[in-house]
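Below, each chain spelled out in residue letters.
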Amino acid sequence: MVLAQLIISGILIGGVYALVSLGLTLIFGVMRIVNFVHGDFLMLAMYLAFWAATLAGWSPYASLFVIAPLLALLGAGIYWGVLRLAVRKSHEASILATIGLSIIVQNVALMAWSADYRSLHTDFTGSVLEWGGLRISVPLLIAFLVALAVTALVFLFLHFTYAGKAIRAAASERYAAALMGVNPQRLFTLCFAIGSALVGVGGVLLAPIYSVYPTVGEQFLLVAFVVVVLGGLGSLQGAVVGGLVIGLVETLSSYFIAPSMKQLVYLLLFIAILVFKPSGLFGKRVEGVGVDE
Amino acid sequence: MNKKRWISGIGLALAAALAVSGCGSGSGSGGGAQSVKVGVAFPVSGPYAKIGQACTNGTEIAADIVNDAHVGPKIELVKVDVPNATSGVNEVNRLISQQRVKVIVGTYVSPISMAVSDVAERNKAIQWEVAATEPRLTGRGYQYVLRPNPNAYMYGPASVDFVSLVVAPKLGLKADQVKLALVYEDGDYGQAVAKSIKEAAQKAGIPVVADISYNAKTTNDMSSIILQLKQSGADVLDLVQYDADAQLFWKQAKQMGLNVKAVIGHGAGHNSDNFGEVFGKDADGVLNVSSAMGINKNALLPETQKIDEEFQKRYKEKFGKEPDLIAKMAFSSAYVLFKEVIPKAGGDDPAKIREAALALDLPQGYCPTGWGIKFDPSGQNTRATVAVMQWQQGKLVTVFPEKFQVTQPIMIPLPKWSER
């Protein structure tokens, strides 16, 4: 019984990790931008969902449809306005640019909303499904199901639309794609917008579960990078499976070994997997990095 | 010609600035300096910003009140942001070397305070702590570190006393029949408080049935901890948590139906106003061991009651919200420095400040938190009392010891979640 509960909890938190990592795997995996502002976009989405619920009484599952497009716009704007110029220079330039953006976004949030730890706590956020002594948190379950649905949608987009195919083409062979008439910068703006919308979805769905504060993104950013690399850069299925693996390992090891050891356990596993499969669980070897026009 | 005038203008401005800063810091050595520069170093950005801001606010109000009362040199605050140990060292170095500050109030975060105290001690500047609990801060023989607030070792005995004197009888058990479980964050703060609880529990013969630590920054799910607690069959749950993790824990404790007979937090997450705001009536019944917040007026000296009211009023006016406990602790601590120590030292000479501080002998109830002041030679205040509070109807009120008590403890045993 305890084991069953642990596995359920592990899968649910794995869903959270998958949700946070989906957008990152597009941005980091396809565009090779080490995106430190990803966690702060998550924080922004959580705040927007929190305020929509507190001030306007919108359920996060409704505000989702407003906040995700907002985040997409913001992502596109930030890519076009800042990162587009940085990625031309060098890898380091784009890393520093995203770190700088992260600091700006965090401190704007700090000034606007103070450092208070806010949290939605309603009957709904605490609701659980009980089934023979097992307890499943409803907000976590919804987050998990949406993670799966979003993965399927983006998968379809990438495989069955022109833009999606172009993104994949640019990801696997950038120069050839450009030679075939694909405009990489326009494509990358789209890609960054989609990645930001995905983290927007993640943030909204996490708002009923976690406290919101200006540095909440840092809590999830490291694990999201681990999930993305573990699953294979740019692979959506990889992000879901990677998230579930980390979630399960974390939950089981913190019960059977010790909670303070769980990070050690999953990072060891991470290293082991990279030793045997350097491109990650679902990754393909990709040659040639660096964004050029 | 033009250029020359410009240069001489700069020269004049510089000279004026020097004159101002010279008289500002007053170099403090002689009696009766006009004003004293005090560094205020708290993390007002980054992960500790919430409490750092409250500390800064509390310190500001203390300076306002003392300055308006004209009891001694005017207190000029120089505020800096110290979100982590590295910036703490840099900023405090800068305060000391460039701003000529000799007294620093800060930093509340134990690891940052540990780093800052090294800088202060090396430069013979005073570090006046307000909330950090790390026992080693004053335990290393440093001359210039002074701490009016309780250290971590004072939490355990108070917490365990409450369990054996109040909780156990209410549960109809003898103290040694109460099963205690400990869950704490694995940083300096959690470990030191947990250690003192374990030692006190052992002395009182209370068995500890679970001893679980976790990393507050990387833990996104508490369910395995909660399952372990369920298996342990604990009666009383002792928690040492920061804000975000305390909120996550309590949320999941409800979802997973963790029922214990009493829950006792130990500062930080459980005395933060956010805990009450988020959980509302679900926070009711949660106990918290720390310096006293809603304290019985009669436990305070008459003039302290007035100061406390003044503090509450001014805080609300200036910052638009009620002070929480941490703001009150910072206020209490800084007030002692500004009102009692600096005037008696006649300025900011660190050796005189230490002398004046160690000479203080103020009875319990002098500070709005109920503390008296009597430093031991290590710089730790020995009259920093710790009380037990409880969330009742969204407010944190003192329930133990009796002298500080505002109301009786309720909800012991804590009702099951299904019956709340």
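Since we're looking at a predicted model, the values are computed, not measured.

Draft legend 1. Representation of the packing of aromatic side chains in the model. A complete count under the given rule lists 21 aromatic pairs over all chains for this structure. Between Tyr-189 of chain B and Tyr-242 of chain B the ring centres are 5.2 Å apart and the planes differ by 45°, which places this aromatic pair in the tilted class. In this pair, Tyr-189 of chain B is assigned in helix H6 (residues 188-204) and Tyr-242 of chain B in the loop between strand E8 (236-240) and helix H8 (243-255), connecting sequence segments 53 residues apart. Aromatic rings pair up to connect Phe-311, Tyr-315, Phe-319, Phe-331 and Tyr-335 of chain B into one cluster. Above the ring of Trp-80 of chain A, the side-chain terminus of Arg-84 of chain A is found at 3.9 Å from the ring centroid. One residue, Arg-420 of chain B, lies across the ring of Trp-417 of chain B, its end atom 4.8 Å from the ring centre.

Draft legend 2. Quick look at unusual backbone geometry. Omega for the peptide link from Gly-106 of chain B to Thr-107 of chain B comes to 0°, which places this bond in the cis form. For Thr-107 of chain B, the location among the structural elements is in the loop between strand E3 (103-106) and helix H4 (110-122). Cis geometry marks the peptide bond from Phe-400 of chain B to Pro-401 of chain B; its omega dihedral reads 0°. Secondary-structure assignment places Pro-401 of chain B in the segment after strand E12 (395-400). For Ser-114 of chain A, which is not glycine, the phi dihedral falls at a positive 60°. By the secondary structure assignment, Ser-114 of chain A is in the loop between helix H4 (91-113) and strand E1 (128-131). For Tyr-108 of chain B, which is not glycine, the phi dihedral falls at a positive 75°.

Draft legend 3. The arrangement of the interface of chain A and chain B in detail. Counting residues at the interface gives 39 residues for chain A, matched by 39 residues for chain B. Note on chain A versus chain B: buried area summed over both sides is about 3200 Å², and carbon and sulfur give 50% of it. When residues of chain A are sorted by the area they lose upon contact with chain B, Tyr-117, His-121 and Gln-219 of chain A head the list and together hold 22% of the total. Joining chain A to chain B, the criterion identifies one salt bridge. Along the contact surface separating chain A from chain B lie 21 residue pairs in polar contact (both at pLDDT 80 or more).

Draft legend 4. Spatial organisation of the nonpolar core. Ranked by internal contacts, the top residues of the largest apolar core, which has 228 residues, are Trp-128, Phe-162, Leu-229, Leu-237, Phe-249, Trp-250 and Phe-338 of chain B. In terms of residues, this core owes the most to one element, helix H1 (residues 2-31) of chain A, which gives 16 residues. Listed in part, the six residues of the second largest apolar core include Ala-292, Ala-299, Ala-387 and Phe-404 of chain B.

Draft legend 5. Expanded view of the domain arrangement of chain B. Residues and elements named next belong to chain B. Each assigned domain of chain B is listed here: domain 1 (30-150 + 300-359) and domain 2 (153-290 + 387-419). A C-alpha centroid distance of 30 Å is found between domain 1 and domain 2. In this assembly, 14 residues from domain 1 lie in contact with 15 residues from domain 2. With both sides pooled, the region where domain 1 packs onto domain 2 buries about 1300 Å², and carbon together with sulfur makes up 62% of that total. Where domain 1 touches domain 2, the interface holds two salt bridges. In this structure, Asp-273 and Lys-50 form a salt bridge, with 2.8 Å as the shortest nitrogen-oxygen distance. Linking domain 1 with domain 2 are one residue pair in polar contact (both at pLDDT 80 or more), by the criterion used here. The set of elements that each furnish at least two residues to the side of domain 1 that touches domain 2 consists of helix H2 (49-69), H4 and helix H11 (325-345). Looking at the side of domain 1 that touches domain 2, its residues break down into eight nonpolar, two polar and four charged.

Draft legend 6. Geometry of the side chain of Asn-288 of chain B. All names here are of chain B. Among the secondary structure elements, Asn-288 is positioned in strand E10 (residues 287-290). Note on Asn-288: relative accessible area 0%, which makes it buried. In this structure Asn-288 touches Gly-265, His-266, Gly-267, His-270, Asn-271, Ala-387, Val-388, Met-389 and Leu-396, once residues within four positions along its chain are discounted.

Draft legend 7. How the structure looks around a nonpolar patch on the surface. Residues and elements named next belong to chain A. On the surface, a cluster of nonpolar side chains totalling about 1100 Å² of accessible area is made up of Leu-3, Ile-7, Phe-256, Ile-257, Met-261, Leu-264, Leu-268, Ile-271, Val-275 and Phe-276. Counting residues per element, the ones that place at least two in the nonpolar patch are H1 and helix H11 (262-276). Among the elements that take part in the nonpolar patch, H11 stands out by supplying five residues, more than any other. Relative to the elements of secondary structure, Ile-257 occurs in the loop between helix H10 (236-256) and H11.

Draft legend 8. Spatial organisation of helix H3 (residues 85-97) of chain B. All names here are of chain B. For H3, built from 13 residues, the straight-helix expectation of 18 Å at 1.5 Å per residue is met to within 8% by its first-to-last C-alpha distance of 18 Å. Every buried residue belonging to H3 is among Ser-87, Gly-88, Val-92, Leu-95 and Ile-96, and all of these are buried. End-on view of H3: buried residues confined to an arc of 160°, all on one side of the axis. Those residues of H3 that are buried are in contact with strand E1 (35-42), strand E2 (74-81), E3 and H4. Between the side-chain oxygen at the start of H3 and the backbone nitrogen of Thr-86 there is a gap of 3.3 Å, and the oxygen is on Asn-84.

Draft legend 9. Seen up close, H4 of chain A. Over its 23 residues, H4 of chain A runs 33 Å from end to end, which matches the ideal 33 Å to within 8%, given 1.5 Å per residue. Turning to H4 of chain A, the residues buried within the fold contact helix H2 (38-55), helix H3 (60-89) and helix H9 (216-231) of chain A together with H2 of chain B. Looking one or two residues beyond H4 of chain A, the residue adopting positive phi is Ser-114 of chain A, at roughly 60°.

Draft legend 10. Quick peek at the pairing of E2 of chain B. Residues and elements named next belong to chain B. Across eight bridges, E1 lies against E2 in parallel orientation. Opposite Gly-39, over in E2, you have Val-78 as the bridge partner. This β-α-β element, E1 to H2 to E2, shows right-handed connectivity.

Draft legend 11. Representation of the sheet that holds strand E9 (residues 262-265) of chain B. Residue and element names in this part refer to chain B. One open sheet accounts for seven strands, arranged E7-E6-E8-E9-E10-E11-E12; its pairing is mixed. In the strand order of this sheet, the two ends are held by strand E7 (208-214) and E12, each with one partner. The mean inter-strand angle of the sheet, taken between neighbouring strand axes irrespective of direction, is 25°. Relative to E8, strand E6 (residues 180-185) runs parallel, the two sharing five bridges.

The rules behind each value
- Residue indices follow the written sequence of each chain, beginning from 1 at its first position.
- The naming scheme follows written order: chains are lettered A onward, ligands numbered 1 onward.
- Side-chain atom pairs in this predicted model are given and counted only at pLDDT of 80 or more, local residue features only at pLDDT of at least 70, and totals for whole chains, interfaces and linings cover all residues.
- Side-chain calculation: all heavy atoms of the structure are included, whereas hydrogens and water are not.
- Two rings from Phe, Tyr or Trp (for Trp, the six-membered ring) form a pair when their centres sit within 6.5 Å of each other. Planes less than 30 degrees apart are called stacked, planes more than 60 degrees apart edge-to-face, and all others tilted.
- Think of it this way: any DSSP run of H or I at least four residues long counts as a helix, any run of E at least two long counts as a strand, and we number them from the N terminus.
- Lysine and arginine charges are scored as sitting over a ring when NZ or CZ, respectively, is within 6 Å of the ring centre and within 35 degrees of the ring normal.
- Whether two residues are in contact is decided by their heavy atoms: any pair within 4.5 Å suffices.
- Joining two parts hides part of their accessible area as seen by a 1.4 Å probe, and the buried area is that hidden amount summed over both.
- When a carboxyl oxygen of Asp or Glu lies within 4 Å of a side-chain nitrogen of Lys or Arg, that pair is called a salt bridge.
- What qualifies as a polar contact is a pair of N or O atoms within 3.5 Å, subject to a donor-acceptor requirement within protein and to the restriction that residues adjacent in sequence count only when both atoms come from side chains.
- We call a set of buried residues a nonpolar core when its members are Ala, Val, Leu, Ile, Met, Phe, Trp, Tyr or Cys and they connect through side-chain atoms within 4.5 Å of each other.
- Each residue gets one of three labels from its accessible area relative to the maximum for its type: buried under 20%, exposed over 50%, partly exposed in between, using a 1.4 Å probe on protein chains only.
- For the domains described, the bounds stem from an automatic or database domain assignment.
- Under the convention adopted here, Pro, Cys and the residues Ala, Val, Leu, Ile, Met, Phe, Trp and Tyr are nonpolar, Asp, Glu, Lys and Arg are charged, and Gly plus all remaining residues are polar.
- Exposure above 30% relative accessible area and no salt bridge define the residues that can form patches, which grow by joining like charges within 9 Å and nonpolar side chains of Val, Leu, Ile, Met, Phe, Trp and Tyr within 5 Å.
- Accessible areas in this description were obtained via Shrake-Rupley with a 1.4 Å probe; residue shielding takes into account the shown protein chains only.
- The span one expects for a helix is its residue count, reduced by one, times 1.5 Å.
- Taking the helix axis as origin, the arc is that swept by the directions to the C-beta atoms.
- In this analysis, strands are considered paired if DSSP registers two or more bridges between them.
- With the strands aimed away from the viewer, a crossover counts as right-handed if its path from the first strand over the helix to the second runs clockwise.
- Axis angles are defined between N-to-C directions and span 0 to 180 degrees, where every axis is a line fitted to C-alpha atoms and, for a helix, only to the segment in contact.

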